[in-house]
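Chain and residue survey
Here is what each chain is made of, one letter per residue.
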Amino acid sequence: MNLPAVVNGGGSGFPAVSVGSKRNKYERMDSDAERSREDDGETRNSRTRKYVMACAFFASLNNVLLGYDVGVMSGAVLFIQQDLKITEVQTEVLIGSLSIISLFGSLAGGRTSDSIGRKWTMALAALVFQAGAAIMAVAPSFEVLMIGRTFAGIGIGLGVMIAPVYIAEISPTVARGFFTSFPEIFINLGILLGYVSNYAFSGLSVHISWRIMLAVGILPSVFIGFALCVIPESPRWLVLKGHVDRAREVLMKTNERDDEAEERLAEIQLAAAKTQGSEERPVWRELLSPTPAVRKMLIVGFGIQCFQQITGIDATVYYSPEILKDAGIQDETKLLAATVAVGVTKTVFILFATFLIDSVGRKPLLYVSTIGMTLCLFSLSFTLTFLGQGTLGISLALVFVCGNVAFFSIGMGPVCWVLTSEIFPLRLRAQASALGAVGNRVCSGLVAMSFLSVSRAITVGGTFFVFSLVSALSVVFVYVLVPETSGKSLEQIELMFQGGLERKGGEVELGDAERLVRRKDQEF
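Please read all numbers here as calculations on a predicted model, not as lab measurements. As a convention, each chain's residues are numbered from 1 in the sequence order in which they are written. Local features in a predicted model are, by the rule used here, given only for residues with pLDDT of at least 70; side-chain atom pairs are given and counted only at 80 or more, and totals for whole chains, interfaces and linings are based on all residues. By convention in this description, side-chain values take in all heavy atoms of the structure and omit both hydrogens and water.

Bringing the confidence of the model for the protein into the picture now. Confidence of the predictor at the level of single residues is captured by pLDDT, which takes values from 0 to 100. Mean pLDDT over the protein works out to 80, with 85% of the residues at or above the 70 mark. Strands here mean DSSP runs of E at least two residues long; helices mean DSSP runs of H or I at least four residues long; both are numbered from the N terminus. Within the protein, helix H18 (residues 362-386) carries the highest mean pLDDT (93), whereas helix H23 (residues 507-518) carries the lowest (40). Contact definition: two residues touch when any of their heavy atoms are within 4.5 Å. Here residues 501-524 is a poorly scored stretch, pLDDT under 50, and it has 36 contacts once near neighbours within four places are set aside; other chains count.

Dropping the structure here:
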């Protein structure tokens, strides 16, 4: 048995000291101090997580507006056609024009957010949309309805463009994909709420029902006012404007450790210094005449945004009643109930993507998404062409529509916005992201405004066969051009496109790996 060593005090007058007991006492003190530090660290981690999540939540509220408009218009248009006696062409213009109009909001959003900040651009988007929704709700004619649609489109364009940029700029590196996918979650939530609103108010009179459906869309933007009291300005925008101390305060709240916040601040200041050193060259000129690195970024960002829409997702969502009617469902109430199932599917699967996007990575999710969408679109085309108008055809059509939106939500939906918000350098980020959003909205508008006409010419089944071919091309695009950005800071992603990571011999990737390992057990 090991006994503690004892030191005799001899004649010195000091008592005998048990060395082993003393050592155990100090070890317990060290252990208690370590546990205290761990508890403090866990408390800060939890506080940081909640704070960033609240910022991402409130910043994403504008995206509910886009989703709600997409979902509610699919059902409201059935009653608008009866009440205002609009033609099929006017129906296509009404539905598709929002996407075309919103591109002007997205274009303006890049310059606006650089001037007044990300936070106040979100507030402006909410105010403009509120005005548009109010005008649409009381519109006595198609012309007035289109005026309201114009305001709503500009507001949505502003909101859709700025939310991913803002969230990417405040999020810690290891959880950026998770938080930046919030806007897509809220779009899907908005679509579901639009479908539920259609079903809930479909029993009212034709003159009243669609007006209430559209007016309800004002509510989410009201909460944006409360959001302004909670969310901070983007630290990267603050550094760009010379407010370094305010940026440090924000980074201290959005990063788990002080040293990490200082590291991020140093990277941002370095990027801002490069930006200020090239101020003599306007951003638009740099986008029109890009360097090789920026050209790669533009191809990836603009390309993925266009592919997100030309694979026909908005046609599936906007015209799901028409698609299911072509499959054999004729009762309007049953059609609207079936669209709720589509909305639920879309919302549920976006949640899966949210929790996988940082751990699995962007590119694997894109592979699963684009391949799955291609199979579902082809199968839907086959079903509508050869099996429609029967019980089997209706069931399979509903399954493949839900399958298409599910695969879209698990990859192409959220990853598209995450990529375009993180691949561009600080100086170009807002306006380049706006350019990507413009491509997205233009493609969405072209698909939405031509779907009915094209379907009349080559049938609904033929239209979805074309979408399946485009979706197959998107698989090739992802394989050849899209890089993996998971686990890298925004400044490191810029280096990757410039070839800097390879020149550093993997040093940056090693640092990323160390940070990821350190946070492996944290629940971001």
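This part takes up helix H20 (residues 426-481). Counted at 1.5 Å a residue, the expected span for H20 with its 56 residues is 82 Å, but the 22 Å between its end C-alpha atoms falls short. Its maximal kink placed at Ile458, H20 deviates by approximately 105 degrees. Each helix should span, by expectation, one fewer than its residue count multiplied by 1.5 Å. Axes are fitted to the seven residues ending at a residue and to the seven starting at it; the angle between these axes is taken as the bend at that residue.

As a further point, take empty space enclosed by the protein. For each structure, a 1 Å grid was placed over the protein atoms alone; sets of points admitting a 1.4 Å probe that cannot get out are labelled cavities, open sets with protein on both sides within 12 Å along at least five of seven lines are labelled pockets, and lining residues have an atom within 4 Å of a point. Grid points are joined across faces, edges and corners, and a volume is the space filled by probe spheres set on the points. Going through the model one piece at a time under the given rule, you end up with seven cavities of 30 Å³ or more. Quantified by volume, the largest cavity comes out at close to 150 Å³. Around the largest cavity, the lining comprises 16 residues; the ones closest to its centre are Glu184, Ile187, Gln309, Asp314 and Arg441. Elements with a minimum of two residues in the lining of the largest cavity: helix H2 (61-84), helix H7 (182-201), helix H14 (292-310), helix H15 (313-318), helix H19 (391-422) and H20. Looking at the lining of the largest cavity, its residues break down into eight nonpolar, four polar and four charged. By volume, the second largest cavity amounts to about 60 Å³. Lining the second largest cavity are Ser74, Val77, Leu78, Gln81, Thr91, Tyr318, Tyr319, Glu322 and Leu452. Throughout this entry, Asp, Glu, Lys and Arg are counted as charged residues, while Ala, Val, Leu, Ile, Met, Phe, Trp, Tyr, Cys and Pro are counted as nonpolar. The remaining residues, Gly among them, count as polar. Residues belonging to the lining of the second largest cavity are distributed by class as follows: five nonpolar, three polar and one charged.

With that settled, the discussion passes to the nonpolar core. Formed by 115 residues in total, the largest nonpolar core has its most connected members in Ile80, Leu145, Phe451 and Phe464. Take this core: its biggest share by element is 15 residues, from H20. Note: domain ranges come from an automatic or database domain assignment. Taken together, domain 1 (44-231) and domain 2 (290-499) each give at least three residues to this core, which thus spans both. Residues belong to one nonpolar core when they are buried, are Ala, Val, Leu, Ile, Met, Phe, Trp, Tyr or Cys, and are joined through side-chain atoms within 4.5 Å. Buried, partly exposed and exposed residues are distinguished by accessible area as a fraction of the type maximum, computed with a 1.4 Å probe on protein chains only: under 20%, between the cut-offs, and over 50%, respectively. Among the nonpolar cores identified, the runner-up in size contains 13 residues, and Leu238, Ala247, Val250 and Leu251 belong to it.

Angles here are taken between N-to-C directions and fall from 0 to 180 degrees, while the axes themselves are lines fitted to C-alpha atoms, restricted in helices to the stretch in contact. Axis separation between helix H4 (residues 118-137) and helix H8 (residues 206-215) bottoms out at 8 Å; the angle between their running directions is 175 degrees. Considered as vectors, H4 and H8 are oriented roughly antiparallel to each other. The segment H4 lies against H8, with Ala133, Met136 and Ala137 engaging Trp210, Arg211, Leu214 and Ala215. Broken down by class, the residue content of the contact of H4 with H8 amounts to six nonpolar, no polar and one charged. Between 65 and 115 degrees an angle is taken as roughly perpendicular, under 35 as roughly parallel, over 145 as roughly antiparallel, and anywhere else as oblique.

With 29 residues, helix H5 (residues 142-170) ought to run about 42 Å at 1.5 Å a step, and its terminal C-alpha atoms sit 42 Å apart, in line with that. At Ile162, H5 shows its maximal bend, which comes to roughly 25 degrees, and the proline Pro164 appears one to four places after that position. The element H5 is largely enclosed, with a buried count of 23 among its 29 residues.

So, about the packing of helix H3 (residues 88-116) against H20. Here H3 crosses H20 at 175 degrees, and the two axes come no closer than 8 Å. Here H20 runs roughly antiparallel to H3, going by the angle between their axes. Its residues assigned to classes, the contact of H3 with H20 shows 15 nonpolar, 13 polar and six charged.

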